[in-house]
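# Fold and geometry: a report
If you want the building blocks of each chain, they are given just below.
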Amino acid sequence: MSLLRFSTAGSVDDGKSTLIGRLLYDSKGVYEDQLASVAKASANGSGGHIDLALLTDGLRAEREQGITIDVAYRYFSTPKRKFIIADTPGHEQYTRNMATGASTADLAIILIDARNGVLPQSRRHAFIANLLGIRHFVVAINKMDLVGFDKAVYDSILNEFTGFLHRIGGPLAQFIPISARDGDNVVTHSEKTPWYKGPALLEFLEDVPVDEGRELLPARFPIQYVLRPNLDFRGYAGQLASGVFHVGDDVLALPARRHTRISRIVTYDGDLQSAYAPQSVTICLADEIDISRGDVIVPVAALPHVARRFRANCVWMNAKALELGRSYVIKHTSHQVRGVVRAINFRVDVNTLARVGAARLELNEIGEISVETHHPLYFDAYSTNRITGGFIIIDPLSNETLGAGMIVDIEGKEETRGQVSQTDRASRFGHRPAVVAVEDHESAILLERELFDRGSNVVVVTSPEASALKLASAAGLIVIVIGSVPAGAIDLRRTATQESVRQLGRLGVLAGHEELLIEGEGI
Amino acid sequence: MDHLDLLEAESIQIIREVAAEFQNPVMLYSIGKDSSVMVRLAQKAFFPGKIPFPLLHIDTTYKFREMITFRDEFTASIGAKLIVHTNQQAISDGANPLRLGTQKCCGLLKTRALLDGLAAGGYDAAFGGARRDEEKSRAKERVYSFRDEFGQWDPKNQRPELWNVFNSRVDKGQHIRVFPLSNWTELDVWQYIGREDIPIVPLYYAKLRPMVVRGSSLIPVEQDFSLLPGEKPKMVMCRMRSLGCSPCTGAIHSEADTIDKIIDEMKLVRRSERENRVIDHDQEGSMEIKKREGYF
């Protein structure tokens, strides 16, 4: 049985709670005694039939005020799938709850009241769901019974909302005309909509493919915990954020940049030959290297970005507004670092999608920020990897979670497509291009091996021509030259191998623990 | 990966995160089926090492004898460190549900004992086996549930929780309750127990047992159980669907004496598992009120 996580957002009026109540009720996710207590409660309010919305409004304050104020998680299953619903309120003052609910969802159900058409609330929910990385949408056009199951109403909403989804990046969307109250097109296809040829809502939820491609992404293994039960065993426990690792894979541990191999993949149920995201496993490495919680194991062939400065979309979640320059704690995968927000590049008006200038980011506001951390983070863009691209911002004084960030890219890099820049290369290789002069053949070979094992693209050249050096530099390589010292070269002729590596770190050619790799554009 | 693999991977990630980020975590161990699953997940999280934190049982002294026997054998067999805490003062003062009423009795023997037990150990994180599908107010519970200096839960002041990135920062005296089984349902728990062959208290399996029928409840005859006038125990084929204190936990009529039969029963059952827990129904919204005060 597979698992689908989806989010919903909406207010009392658009029938969201009724829809969820309907899904739970029709899939038998509700027990008789719970139903009986709802029947008791709805005897006062609606006359006659059971108010399905009461099944989902949990807290007393909510029941009394008839509102939903937090993220509630609901569970039901069919023979094909287990479902987890992150049920959130839809008003603008609950943007943070919508973002929270969307952060773990694979799919979002956007509810539109057929009588009212596309309202700002539907657009806001779609925008937030898309921002949080949801790629599958169901647009449920509800209360079709109140517009006589009119195809024209459905078509008009479909056209308008398709245009909107295109503007925010074109997630896949399935439009379904429903009546949550009566159950039309919720579990089975309704006879009242002969013009609708698509699946009923539950059929669609049962069959929609999710998580496709997660294994094709580069492997990322943030280390949570170092296991040393005895002197013979040292393993790194964590959950694969993406990709696949096999025993024998060449890997790099960041930030140490030590090249090694996976020697074992250990679990309680026996060793594995390969581990897939999102499995929780323990990885053993062929070499003793000094790595710890917060470090990440990645394939040599596909490194993440390593940087201290990056741009991120941010949803602010606290009544205290975001302050520029204030020291915050950034928690990213299993790594906590101090950092500051250097700039708010723009704020997004979630109703119009307009980008507006902003000096502050207030509760429930969304904008793009520029962040600088004290130590480098090892990340991917959130659009490709939700785990290694997401982070939370914590107030070091009150300990509250203040905001959520979705990394867009390294700072100073506006365009990710088009020509490959030196920054792109430096980010991929983990170093900037350089020409290094050494004493003799032997030291050249030692240094080459040392740098190569750290994942560097390095080559030894005996008597280089200027054009060849220029080409190598353009390709982002580190060139080791024996004997001569060409113009602009780093002179390491009387320096031992290890010291040479440290020197390259200090000069910012190699990314190390402390140094910022991506500053400027190479030499 | 099927749904159980995904839930397992998620729970292990949570358990490791807590062990790595807190100074002094503890796992609350109630002896029930959810605790059994949680302990197995902890074993998996740290294999080949042992579970790096103790298990804490809050003993009301009204637990079934079979539960206590199971507790001692099971924890010893996996090499876990077990701590048992009881509100001795209340017991000496004669606390029992018949005399005090269930609300007051739970308040003293569970909630108070739990808060005292946590304070005594100086724990800054406590795992609990609660699931969000158990009860309405739990649907909004975070995985990391923040508790103030008094151990209390404020539903309006919970930290936003995104992805699997948890905020573990607390000040001295505060703690976090952690629910690694948040996304599991009762059926998931049973399927996992079956798949992983996890030991559970025999009370979960159907058997002929001496019971008293009181109202709509089947109450087991245990220890110094006192019969009401006119009551007579009789042998009933039944099992426990959830385990609490013997005077306050009803059994259900059942023939399910294997895990597979329990799972089949689960798939057909149309009544919720806490229905037979007297304490959930003693007043409107009662679980939410208990939780605010510090109950799990």
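The model shown is predicted, which means the values in this text are computed figures rather than measured ones.

### With respect to helix 1 (residues 3-21) of chain B
Counted at 1.5 Å a residue, the expected span for helix 1 of chain B with its 19 residues is 27 Å, and the 27 Å between its end C-alpha atoms agrees. With respect to burial, helix 1 of chain B is a largely interior element, 17 of its 19 residues being buried.

### Let's talk about the environment of Met211(B)
Residue and element names in this part refer to chain B. Summarising the element assignment, Met-211 is placed in strand 7 (residues 207-214). Exposure remark for Met-211: the relative accessible area of 0% places this residue in the buried category. It is 35 Å that separates the C-alpha atoms of Met-211 and Ala-126, two residues lying 85 residues apart in sequence. For Met-211, the contacting residues outside a window of four places in its chain are Leu-218, Ile-219, Pro-220, Val-221, Lys-232, Pro-233, Lys-234, Val-236, Cys-238 and Ala-251.

### Focus on the interface of chain A and chain B
On the side of chain B, 65 residues touch chain A, which itself brings 76 residues to the contact. The interface formed by chain A and chain B holds seven salt bridges in total. For Arg293(A), the salt bridge identified is with Glu17(B), shortest N-O distance 2.7 Å. In terms of residue class, the side of chain A that touches chain B is made up of 37 nonpolar, 22 polar and 17 charged.

### Some details on the nonpolar core
Counting 70 residues, the largest nonpolar core has Phe6(A), Leu107(A), Ile109(A), Leu132(A), Phe161(A), Leu205(A) and Trp163(B) as its most contacted members. Taken domain by domain, the makeup of this core includes at least three residues from each of domain 1 (2-207) and domain 3 (305-413) of chain A. With near-sequence residues (within four places) excluded, Leu205(A) lies in contact with Leu4(A), Phe6(A), Arg81(A), Phe83(A), Leu107(A), Ile109(A) and Val138(A). Counting residues in hydrophobic clusters, the runner-up holds 65 residues, among them Ala237(A), Phe22(B), Ile31(B) and Ala42(B).

### Some thoughts on helix 4 (residues 95-103) of chain A
Residue and element names in this part refer to chain A. Where burial is concerned, most of helix 4 is hidden: eight out of the nine residues are buried. For helix 4, every residue scored as buried is listed here: Thr-95, Asn-97, Met-98, Ala-99, Thr-100, Gly-101, Ala-102 and Ser-103. In the core, the buried residues of helix 4 are packed alongside strand 1 (2-10), strand 2 (72-77), strand 3 (81-89), helix 5 (120-131), strand 15 (305-316) and strand 19 (366-379).

### Thoughts on the confidence of the model for chain B
Residues and elements named next belong to chain B. Averaged over all residues, the pLDDT of chain B equals 87, while 89% of them reach at least 70. The least confident element of chain B is helix 9 (residues 286-293), whose mean pLDDT is 64; the most confident is strand 1 (residues 25-28), at 98. Interface scoring of the predicted complex returns ipTM 0.89; its pTM is 0.83.

### Side note on the sheet that holds strand 7 of chain B
Strand order in this open sheet of four strands is 8-7-9-10 (chain B), and the pairing throughout is antiparallel. Edge positions in the open sheet fall to strand 8 (217-220) and strand 10 (252-253) of chain B, since each of these has one partner strand only.

### Some details on the packing of helix 4 of chain A against helix 5 of chain A
Residue and element names in this part refer to chain A. Interhelical geometry of helix 4 versus helix 5 gives an angle of 45 degrees and a closest axis separation of 9 Å. Between helix 4 and helix 5, the angle falls in the class oblique. Helix 4 and helix 5 meet at a crossing whose hand is right-handed. Across the interface between the two elements, Thr-95, Met-98, Ala-99 and Ala-102 from helix 4 touch Arg-124, His-125, Ile-128 and Ala-129 from helix 5. Tallied by class, residues from the contact of helix 4 with helix 5 come to five nonpolar, two polar and one charged.

### Concerning the packing of aromatic side chains
For the structure on display, the rule yields 19 aromatic pairs over all chains. Relative to Tyr328(A), the ring of Trp316(A) has its centre 6.0 Å away and its plane inclined at 55 degrees; by these criteria the two rings are tilted. Placement of Trp316(A) in strand 15 and of Tyr328(A) in strand 16 (residues 328-332) is noted, with a sequence separation of 12 residues between them. Residue Tyr328(A) is classed as buried on the basis of its relative accessible area, which comes to 2%. Between Tyr144(B) and Phe166(B), the aromatic rings sit 4.7 Å apart at their centres with planes inclined by 10 degrees, giving stacked as the arrangement. Placement of the pair is Tyr144(B) in strand 5 (residues 144-147) and Phe166(B) in the loop between strand 5 and strand 6 (175-178), with a sequence separation of 22 residues. Summarising the burial analysis for this pair, Tyr144(B) and Phe166(B) share the class buried. The ring of Tyr73(A) carries the charged tip of Arg132(B) above its face, separated from the ring centre by 4.0 Å.

### Here we look at the confidence of the model for chain A
Mean pLDDT over chain A stands at 86; residues scoring 70 or higher make up 87%. When the criterion is pLDDT under 50, residues 44-48 of chain A qualifies, and its contacts beyond four places in sequence or with other chains add up to one contact.

### Here we look at unusual backbone geometry
At the junction of Leu254(A) and Pro255(A), the peptide bond is cis and its omega measures out at 5 degrees in the coordinates. Here the bond from Phe47(B) into Pro48(B) is cis, since omega is 5 degrees, no more than 30 degrees from zero. We note that Asn185(A) has phi near 60 degrees; this positive angle belongs to a residue other than glycine. At Ile31(B), a residue that is not glycine, the phi angle is positive and equals roughly 80 degrees. Looking at where Ile31(B) falls in the secondary structure, it is placed in the loop between strand 1 and helix 2 (33-46).

What counts and what doesn't
- Residues numbered from 1 in each chain as written.
- Chains lettered and ligands numbered in written order.
- Predicted model: local features only at pLDDT ≥ 70, side-chain atom pairs only at ≥ 80, totals over all residues.
- Heavy atoms only, no water.
- Helix = DSSP H or I, 4+ residues; strand = E, 2+ residues; numbered from the N terminus.
- Expected span 1.5 Å × (residues − 1).
- Buried < 20%, exposed > 50% of the residue type's maximum accessible area, 1.4 Å probe, protein only.
- Contact = heavy atoms within 4.5 Å.
- Salt bridge = Lys/Arg side-chain N within 4 Å of Asp/Glu carboxyl O.
- Nonpolar A, V, L, I, M, F, W, Y, C, P; charged D, E, K, R; others polar.
- Core = buried A, V, L, I, M, F, W, Y, C linked by side-chain atoms within 4.5 Å.
- Domains from an automatic or database assignment.
- pLDDT = per-residue confidence, 0-100.
- Pairing = 2+ DSSP bridges.
- Axes fitted to C-alpha atoms, helices over the stretch in contact; angles between N-to-C directions.
- Parallel < 35°, antiparallel > 145°, perpendicular 65-115°, else oblique.
- Left-handed = near helix turned anticlockwise from the far one by under 90°.
- Phe/Tyr/Trp six-rings, centres within 6.5 Å; stacked < 30°, edge-to-face > 60°.
- Lys NZ or Arg CZ within 6 Å of the ring centre and 35° of its normal.

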